[in-house]
Structure formats: C-alpha cells, structure tokens
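Here is what each chain is made of, one letter per residue.
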Amino acid sequence: MKNQKVTNNIDWISILLYTMLVIMGWVTIYSASLPEDNASIFDLGQVSGKQILFMVTSIPLIIVILTLDAKIYDKYAFVFYGVGLLLLAGLFVFGKTIKGQTNWYQFGGFSMQPSEFVKIATSIVLSKYLSDVQVNLKLFNRQLIAFGIILLPVALIMLQPDAGSALIFFSLVFAMYREGLPGWYLAVGGSAAALFILALLIQPAALVGFSLIILLAAYFMTRRAHRNPILYAILFVGITAYVFSVDYVFENVLESHQKDRINVLFGKDVDMQAEGYNLNQAQIAIGSGSWLGKGYLEGTQTKGGFVPEQHTDYIFTTVGEEWGFVGSVTVILLFVGLLLRIIYRAERQKSKMSRTYGYCVASILFMHFFINITMLIRLFPTVGVPLPFFSYGGSSLWAFTMLLFIFIKMDANQVNEW
C-alpha cells in the first residue's frame, strides 16, 4: 500500500472554522481597543496591529506542524512534557511577576506564558500513556498515574499562582472518561462542586439534613441484595464533614479576590465600584446590545472603556454589545461547530493516541469557551482565561493553533496508518 499525501486528507472544515474565529477575533480586538484617533487596524503600534503579527506568525507554525511526521508526538511525548515542566519551574527563577502572578517570561518586548503550551504537552503525554495497550483505567494504579500526569503541571501553575490556567487542566478528565475512567469520578467531582456552592448559600445543617433524606431514599430504592448500610453511613459522614468544612475553606484558604468573585457571583453584598465592577460593566455591555447590536465600532460601553481588559478575557462583551444576541449566538455556534467537528473526527481515528488527543483538544477548548462565556453572564466565578482564537495575545493564539493543528495533522495521517 502506497503512502498517500496527508495534505490531500486535511480536514478543511476545521481549518475554515478556525480561520473564521481568528479573523472575527481580530476585528473584535480592534473595536475593543480602538484609540481616539481611530488608528488603522493594521497599525503595529496598536493592539490589533500586534494581533495580526501573531496571526501571520501562526502560519509558519501551521506549515511546520503539517509537514512534520505525526509519529513525532508519539516518539517524543515525554520529552515535550519534560520541557514543559522545566519551563514552568524556570518561572520561579527567571519569570516576570505581573499583577501578583509569576507566569510570564519576558524577552525584551516579547513575553511568553508557558502554561498555555504545557497544555499541549500534557495532552500529548496523557494520550501517549492512555494509548498503551496495557493501560486499563478501571485499575486504580493506572488512574493514579494518569491523574499524576495532570496534577504535576497543575501544582507548578498553582504556585505561580494562576488558578484559572490550572483549572483548565482538569478538563482532561473528560478525555480519560472516554478512554474508560469510571463515571463515578465525574459524579463525585460534580457533586462536590454543587455541595460547595450550596453550603455557601444555605445553612450547613439544613444541607446535611437534605443530603440524609436523599441517601435514605437511595438506600431504600436500591435492591435489598445490593444494599450496604456501612457504605451509606460512611458516605453520610463524609458529606457532613465536607459540608461543615466549606465555611472554613472559604474564609481561611481562598484568597480575598477569590472570595470577592464568588460573592459577586452569588449577588452578595459587594461594592459594584470595586470587586463587582468588572462583571457589572460586562453585563451592562452585553445587555445593551439587544437583538442586533449597536453596530460595529458603535458600542458606547466599549468605546468608553468601561469594561477593563476588554480585548483579552472580556472580549465577548464587545461581541454582545456591537453584534447583539444574533452575533453572539453566531460566535457560539462557530465554537460549538468546531468542538463537534473535533469530536467527530476523533471518533474516526484508527490510532487510540490520536483519538485520545482529539478529545483532549476538544476538552481544553470547551473548558476555555465555557468558562469565558459563563463568567460574563454570571453563571461562573470570574476567572482569567482567554476565549480561544478570539482574545488578544500571542501565547494563547499560538498555543491554541498548535493544539488544534497537531490533531488536524494526526487526523490527516490516518491514510498512512494500518
């Protein structure tokens, strides 16, 4: 069987969706950062001009990725991972501290955030590990190794500290679930998050009582042969201890800005000119766009600079104000379309590593997209994560581009796999 050219099998639909998102992000960055003198969108002295440089320099990255042999990621997976960990560790010696976080390298006028690229390395090495025929995620020791691959960079990122970037890594659990991780991990994680939120909103004693009722109902609804009263008793004790520890964790473990963001989310008594300002202005901007928006470059909230960091983490507020509900839904549908396309192509892979990596890509992009959008509409605490392909920044654009196109290369290489 002759090797076929992978360039003939590239998924052009994914590339089209990627290109549309990048271009739409660029023109939105221009609007969100437009100076009073109405400088050109190509002005290299402006944010939009710098973004087009990042876009242009992404092209050689894409060409290199599509040219390289796809098997390089399998062969050197642990090398990529090791280099990524060294880059994270090196921040504590050579990194630049910005707003209390040491998560950037500064080289003259150029800066680089390694955590964005470590997501790629972690995805590759996790996919490599899970593709081993001897790895069965039903076994606890295999689960520990897989979680260890994720938690090692998370620990280094949390020391920076950068909770937003660290949170993204946990999305890789979805890829593990696809490859056989027991579903109760997701159930426990979701339940723990729900109990944490509920414990902040209602009295712990009432929550424990409600949990007891649910456990008793579950116990008596279970077949008699499968009932284990000891297990249910241990579960109740664990829930009780967890619920009553939430207040202590909230008051003594979380940083003050993290507590403020949670209080803002729950509508508690906060100063809307201080800790609640960003979210309040973001909601005003999005809401003012109504159905069809105010028109491109016509957003009064955007032009007035009321929303801080609007060209980065809050860029979707410009979409909501200037493009309205219709424009916002269009952008969301493009993201959903890309995510579904990645999952569809992942399921068609002959290689388990390629399939797992595809799910890692979809999980990371989904987590970024979900958090960035929901935090602006007050469904998730404010976390500093960029909107993929949309937010301003070289590190994020290059990293997301590499993350996606490595999978596109793996997908195209199927023609050469047996």
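Up top you'll find the structure we're talking about.
Overview of the structure. (Residues numbered from 1 in each chain as written. Predicted model: local features only at pLDDT ≥ 70, side-chain atom pairs only at ≥ 80, totals over all residues. Heavy atoms only, no water.)

**Remarks on the overall build of the protein chain**
Looking only at helices and strands, the protein chain has 17 helices and three strands in total. Against the globule reference of 22 Å for 418 residues, the protein chain gives a C-alpha radius of gyration of 23 Å, in line with a compact fold. Across its three principal axes, the protein chain shows a C-alpha extent of roughly 70 × 65 × 45 Å. When each of the 418 residues of the protein chain is scored for burial, the buried share is 48%. Excluding contacts between residues fewer than 6 apart, the proportion of contacts in the protein chain whose partners are at least 24 apart in sequence is 70%. (Helix = DSSP H or I, 4+ residues; strand = E, 2+ residues; numbered from the N terminus. Rg over C-alpha atoms; globule rule 2.2 N^0.38 Å. Buried < 20%, exposed > 50% of the residue type's maximum accessible area, 1.4 Å probe, protein only. Contact = heavy atoms within 4.5 Å.)

**Considerations on unusual backbone geometry**
Only a minority of non-glycine residues have a phi that is not negative, and only a minority of peptide bonds are not trans. Residue Pro161 is reached from Gln160 by a cis peptide bond, and omega for that bond is -10°. Among the structural elements, Pro161 can be located in the loop between α6 (140-158) and α7 (163-169). Here Ser290, not a glycine, exhibits a phi torsion of approximately 50°, which is positive. The residue Ser290 is located in the loop between α13 (277-288) and α14 (300-303) in this model. One non-glycine residue with positive phi stands out, namely Leu297, at about 70°. Relative to the elements of secondary structure, Leu297 occurs in the loop between α13 and α14. By relative accessible area, which is 22% here, Leu297 ends up partly exposed.

**A word on the packing of aromatic side chains**
Two measures describe an aromatic ring pair: the distance that separates the ring centres and the angle between the ring planes. Counted under the stated rule, the structure contains 19 aromatic pairs. Between Phe54 and Trp398, the aromatic rings sit 5.5 Å apart at their centres with planes inclined by 85°, giving edge-to-face as the arrangement. Residue Phe54 is found in helix α2 (residues 47-67), and its partner Trp398 is found in helix α17 (residues 394-412); the two are separated by 344 residues along the sequence. By relative accessible area, which is 16% here, Phe54 ends up buried. Taken together, the aromatic side chains of Phe54, Tyr105, Phe107, Phe110, Tyr392 and Trp398 make up a single cluster linked through ring pairs. (Phe/Tyr/Trp six-rings, centres within 6.5 Å; stacked < 30°, edge-to-face > 60°.)

**Points about the pattern of salt bridges**
Across all of its chains, the model carries seven salt bridges by this definition. Of the charged contacts in the structure, one is a salt bridge between Arg341 and Asp11, with a shortest N-O distance of 2.8 Å. Pair noted here: Arg341 is in helix α15 (residues 316-347) and Asp11 is in the segment before α1 (12-32), with a separation of 330 residues, a long-range link. Like Arg341, the residue Asp11 is buried in the burial classification. Arg355 is the partner of Glu179 in a salt bridge, and the nearest nitrogen-oxygen pair spans 2.7 Å. (Salt bridge = Lys/Arg side-chain N within 4 Å of Asp/Glu carboxyl O.)

**Thoughts on the nonpolar core**
The nonpolar side chains of a soluble globular protein tend to be buried, and buried together. Counting residues in each nonpolar core, the largest one holds 98 residues, and the members touching the most others are Leu126, Met176, Tyr357, Leu365, Phe389, Phe390 and Phe405. Here the element with the most residues in this core is helix α16 (residues 352-376); it accounts for 14 residues. Counting 14 residues, the second largest nonpolar core, distinct from the first, contains Val208, Tyr219, Ile239 and Val243. (Core = buried A, V, L, I, M, F, W, Y, C linked by side-chain atoms within 4.5 Å.)

**Quick look at the packing of helix α5 (residues 114-130) against α6**
When two helices pack together, their arrangement is given by the angle between their axes and by how far apart the axes lie. In contact at an axis separation of 11 Å, α5 and α6 are set at 170° when each is read in the N-to-C sense. Taken together, the axes of α5 and α6 are roughly antiparallel relative to one another. The residues of α6 that touch α5, namely those facing Ser115, Val118, Thr122, Val125, Leu126, Tyr129 and Leu130, are Arg142, Ile145, Ala146, Ile149, Ile150, Pro153 and Ile157. (Axes fitted to C-alpha atoms, helices over the stretch in contact; angles between N-to-C directions. Parallel < 35°, antiparallel > 145°, perpendicular 65-115°, else oblique.)

**A short note on α6**
Spanning 19 residues, α6 covers 25 Å between terminal C-alpha atoms, matching the ideal 27 Å at 1.5 Å per step. Where α6 bends most, at Ile149, the angle is about 30°, and the proline Pro153 comes one to four residues later. All of the buried residues in α6 are Gln143, Ala146, Phe147, Ile149, Ile150, Pro153, Val154, Leu156 and Ile157. On its buried face, α6 is in contact with α4 (77-94), α5, α7, α8 (172-178) and α9 (184-201). (Expected span 1.5 Å × (residues − 1). Bend = angle between axes of the 7 residues up to and from the residue.)

**Some points on the sheet that holds strand β1 (residues 96-98)**
Spatially, three strands are ordered β1-β2-β3 in an open sheet, and the strand pairing comes out antiparallel. Unpaired on one side and paired on the other, β1 and β3 (110-112) mark the two borders of the sheet. Mean inter-strand twist for the sheet, computed between neighbouring axes without regard to direction, equals 50°. Note that β1 and strand β2 (residues 101-107) share three bridges and pair antiparallel. Its bridge partner being in β2, Lys96 is matched across the sheet by Trp104. Strands in contact with α4 are β1 and β2; relative to β2, the strand with the most contacts, it is inclined by about 90°. (Pairing = 2+ DSSP bridges.)

**Details of α4**
Residues separated by three or four positions in an α-helix point in the same direction, a consequence of the helix having 3.6 residues per turn. Here α4 spans 25 Å end to end across 18 residues, near enough to the 26 Å set by a 1.5 Å rise per residue. The complete set of buried residues in α4 reads Ala77, Tyr81, Gly84, Leu85, Leu88, Gly90 and Leu91. On the buried face of α4, the contacting elements are α3 (72-75), β2, α5 and α6.

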